Amino acid sequence: MKTALIFPPQWFPSQPYLALPTLKAFLETKGHEVDQFDFNIESYEIFLSREYLTHCVELIRNRLAKPARTSEEQEVQAVYRQILSDRDYLESIYSEVREAVDVLRNEELFFQFSLYKKAFTTLKIAMRLISFAHHPSRIDLDSFFMQGTPEENLEGIVSATQDSVSNPFLGLYQDHLLANVKWEEYGLAGISIIHVGQVIPGLTLARILRKKYPHLHIVIGGSVFARHQDILEDKKILFEEFFHGIILSEGEEPLDKLIVSLKENKPLNSVPNLIHLENGQITRNEKATALQYDLLARPTFDGLDLDKYLMPYPVLPYMASRGCYWGKCTFCTHSFIYDSYYRKENETRVAEDLDYLGKRYNTKYFTFSDEAISPNAFRRMSAAILSQGVEMRALGMLKFESGNVETPELFEEMHRAGFIMLFFGLESANDRILSLIDKGCDQATEKLVLKNSSDAGIWNHLYLFFGFPTEERSEAEDTIRFTVENGETGTGIIHSVGQSTFALEKDSAIYHNPSKFKVDRIIHDPERDMAIVFDFDIKAGMSREEVMDVYESFNHTIEENFPSRNIWNFLSREHFLLYLDHFGKEEILNMAGDEELTAHP
């Protein structure tokens, strides 16, 4: 019995997601025959083609022929008329979309930023045309939204997965992707759903497979449905029409046991971490103990066409640990996904894996998917990479610890080993807020560590957010001031920034103990019973309107104080890794001052 592992849309098309290559490798060590399918990248092969875009124009023409019953329909029909009347606009999209794809796949063209930016813009325009064809849904290079967020309730899921107008993936699967797989050869199909933008595309696929290929046993994995495990009692229809089971947490051992049970036609009650129907009732099996890291397998990307990703050469994901060694940040849910069990790989084996993967897939580029790698692990890993002579360029995540462990010498060795870009979860630069988040650091530590990293030649990217419960405007301004003073026009130790607003997520420490953070009420809307992010009431700190005002004004602050934003704002993190290695940190900063290069296409 063969197993098919599937990664559904919608995700940025620059590299494979790590879950499938990791699971495939482990299952093959157990003697199972496993194929992996990245339907996300396959969907872009179709979306970004003249044939599909002309199909979208036909959909627009057909929708325009129908009467507009609401003011919203009248507004969009006006846009439809404008699109159809501008033949030059349509022809430019048709003729340029494949050229744009080729620019991102061609090494010589990729590093000509004016060509890159034009190609990126063309692809965004093409995705916007697809969105209009499926209005009011919005589909972009890394996201998919349907009106009313149907993934947040059962009725919405049932409706959206049958909506041939607003759900582009229904036709995509039926008319294109499913025909490329010999489903009769498989007994099990595992679908990984790791963020909310994949819920409708992933469950649409599951529902079609369940109906069309009744011999297939369909199981869902990934973080989204692991976080729904407590609200499934009244959602039996999911197990009857969409999938047969859900695997919680890590999937290696449960999938192995499930495949064996299906092969031997045994009951499924011995498969750990499995939620399934048993005698008409939703049943949760016993929990498995997560495997030690040395029992896991090096990922394999065999079976994936790496040439299809929008990259001039492969950038491979890799993990040297599971879980988070800190595991205390009060807004975070990452530890929940891994059952709060942190394990790491032997750093010598990490170097061996990177060497093997680089040679097998002809690349030196890696993105470490670890939530955070400890300074000591980075030190040992860098030493092993250097001693084994592994050629590598990589980015990774690092937590602020202290200047005593995150020393200039550490970052210098990391840079020599090939870590040229680091992502730091700054979150805030106000000491009170950092204490509430339980970051284990203060503003002085943040500044010292960033200086040590920057002085070693590493590009520092910060994640931060506004609106943590009780945060006052003056405290948010501490973060803004810190970013400006140490940004590109200041000390120069912060090189790029990504901002967001605070989101109260299910299964975070705040969610489970809201009063500790002065949250008066978490709003549990019965029509959003499958939501992962919740609205809440709080009297202390900034209002929602004030948070959004800070967020929007900070966007202008970044533009004014980070000239290189004209470069990195167009690049995904994988694309930027290549640019950073190709040009170097200083040259990228210089490129930002070239008005001709950074002018809007």
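Residues numbered from 1 in each chain as written. Predicted model: local features only at pLDDT ≥ 70, side-chain atom pairs only at ≥ 80, totals over all residues. Heavy atoms only, no water.

A.B. asks: How should I be thinking about the pairing of strand E16 (residues 459-466) in this particular structure?
C.D. replies: Regular strands place side chains that alternate from one sheet face to the opposite one. Counting buried positions along E16 gives 7 out of 8 residues, so the element sits mostly inside the fold. Alignment of strand E15 (residues 419-427) against E16, held across 6 bridges, turns out to be parallel. Bridging across to E16, Phe-424 finds its partner in Leu-462. (Buried < 20%, exposed > 50% of the residue type's maximum accessible area, 1.4 Å probe, protein only. Helix = DSSP H or I, 4+ residues; strand = E, 2+ residues; numbered from the N terminus. Pairing = 2+ DSSP bridges.)

A.B. asks: Mind showing me how you'd approach the sheet that holds strand E7 (residues 245-247) here?
C.D. replies: Strand pairs in the sheet, formed through backbone hydrogen bonds, run parallel or antiparallel to each other. An order of E2-E1-E5-E6-E7-E8-E9 is seen for the 7 strands of this open sheet, with the pairing classed as mixed. The two strands at the open ends of the sheet, each matched to only one other strand, are strand E2 (33-38) and strand E9 (281-284). Each adjacent strand pair in this sheet contributes to an overall mean axis angle of 25 degrees, direction not counted. Sitting on the sheet, helix H1 (residues 19-29) is in contact with strand E1 (2-7), E2 and strand E5 (186-192), with an inclination near 175 degrees to E2. (Axes fitted to C-alpha atoms, helices over the stretch in contact; angles between N-to-C directions. Contact = heavy atoms within 4.5 Å.)

A.B. asks: When you look at the layout of surface pockets in this model, what are you seeing that I'm missing?
C.D. replies: Rolled over the atoms, a probe sized like a water molecule indicates the empty space that remains. A volume near 580 Å³ is recorded for the second largest pocket. Broken down by element, the residue count for the lining of the second largest pocket peaks at 7 residues, all from helix H9 (residues 168-177). A breakdown of the residues in the lining of the second largest pocket according to their chemical character gives 12 nonpolar, 12 polar and 6 charged. (1 Å grid on protein atoms, 1.4 Å probe; cavity = no way out; pocket = protein on both sides within 12 Å on 5 of 7 lines; lining within 4 Å. Points joined across faces, edges and corners; volume = space filled by probe spheres on them. Nonpolar A, V, L, I, M, F, W, Y, C, P; charged D, E, K, R; others polar.)

A.B. asks: How should I be thinking about the packing of aromatic side chains in this particular structure?
C.D. replies: Aromatic ring pairs are defined here through the distance separating the ring centres and the angle between the ring planes. All told, the structure shown has 45 aromatic pairs when counted by the stated rule. Both rings, one in Tyr-318 and one in Phe-368, keep their centres 5.6 Å apart while their planes meet at 75 degrees; by these two values the pair is edge-to-face. With a gap of 50 residues between them, Tyr-318 in strand E10 (residues 315-318) and Phe-368 in strand E13 (residues 365-368) connect regions that are remote in the sequence. A single burial state applies to Tyr-318 and to Phe-368, both of which are buried. Above the plane of the ring of Phe-536 lies Arg-544, whose end atom (NZ or CZ) is 5.3 Å from the centre. (Phe/Tyr/Trp six-rings, centres within 6.5 Å; stacked < 30°, edge-to-face > 60°. Lys NZ or Arg CZ within 6 Å of the ring centre and 35° of its normal.)

A.B. asks: I would appreciate a short explanation of the side chain of Lys-506 in the present structure.
C.D. replies: With respect to the element layout, Lys-506 can be found in the loop between strand E18 (504-505) and helix H21 (509-512). Aside from chain neighbours lying at most four places away, what touches Lys-506 is Arg-227, His-228, Asp-230, Ile-231, Thr-333, Tyr-511, Ala-531, Ile-532 and Phe-534.

A.B. asks: I tried to follow the packing of helix H15 (residues 347-360) against helix H16 (residues 375-387) on my own but got confused; where do I start?
C.D. replies: The description of two helices packed together rests on the angle between their axes and the distance between the axes. Where H15 contacts H16, the two axes come as close as 8 Å, and the packing angle between them is 50 degrees. Viewed along their axes, H15 and H16 adopt a mutual orientation that is oblique. Relative to H16, H15 is oriented so that their crossing is right-handed. In contact with Glu-347, Thr-348, Val-350, Ala-351 and Leu-354 of H15, H16 contributes Ala-377, Arg-380, Met-381, Ala-384 and Ile-385. (Parallel < 35°, antiparallel > 145°, perpendicular 65-115°, else oblique. Left-handed = near helix turned anticlockwise from the far one by under 90°.)

A.B. asks: How should a negative patch on the surface be read in this particular structure?
C.D. replies: A cluster of acidic side chains, namely Glu-155, Asp-525, Glu-527 and Asp-535, defines a negative patch on the protein surface. Examined against the element boundaries, Glu-527 turns out to sit in the loop between strand E19 (521-522) and strand E20 (533-534). (Patch = residues over 30% accessible without salt bridge, like charges linked within 9 Å, V, L, I, M, F, W, Y side chains within 5 Å. Areas by Shrake-Rupley, 256 points an atom, 1.4 Å probe, with all protein chains shown as cover. Salt bridge = Lys/Arg side-chain N within 4 Å of Asp/Glu carboxyl O. Lys, Arg positive; Asp, Glu negative; His and termini not counted. Charge placed at Lys NZ, Arg CZ, Asp CG, Glu CD.)

A.B. asks: Quick question: what am I supposed to make of the side chain of Asp-256 here?
C.D. replies: Along the chain, the position of Asp-256 falls in helix H13 (residues 252-263). One buried charged residue, Asp-256, forms no salt bridge at all, with the nearest opposite charge on Lys-30 at 4.9 Å.

A.B. asks: What's the story with the sheet that holds E15 in this structure? I'm lost.
C.D. replies: Spatially, 6 strands are ordered E10-E13-E14-E15-E16-E17 in an open sheet, and the strand pairing comes out parallel. Each edge of the open sheet carries a strand with a single partner, namely E10 and strand E17 (496-501). Pairs of neighbouring strands in the sheet enclose a mean axial angle of 20 degrees, with direction left out of account. One ladder, built from 6 bridges, connects E16 with E17; its direction is parallel. Paired with Leu-462 across the bridge in E17 is Val-497. Sitting on the sheet, helix H17 (residues 408-417) is in contact with strand E14 (393-398) and E15, with an inclination near 130 degrees to E15.

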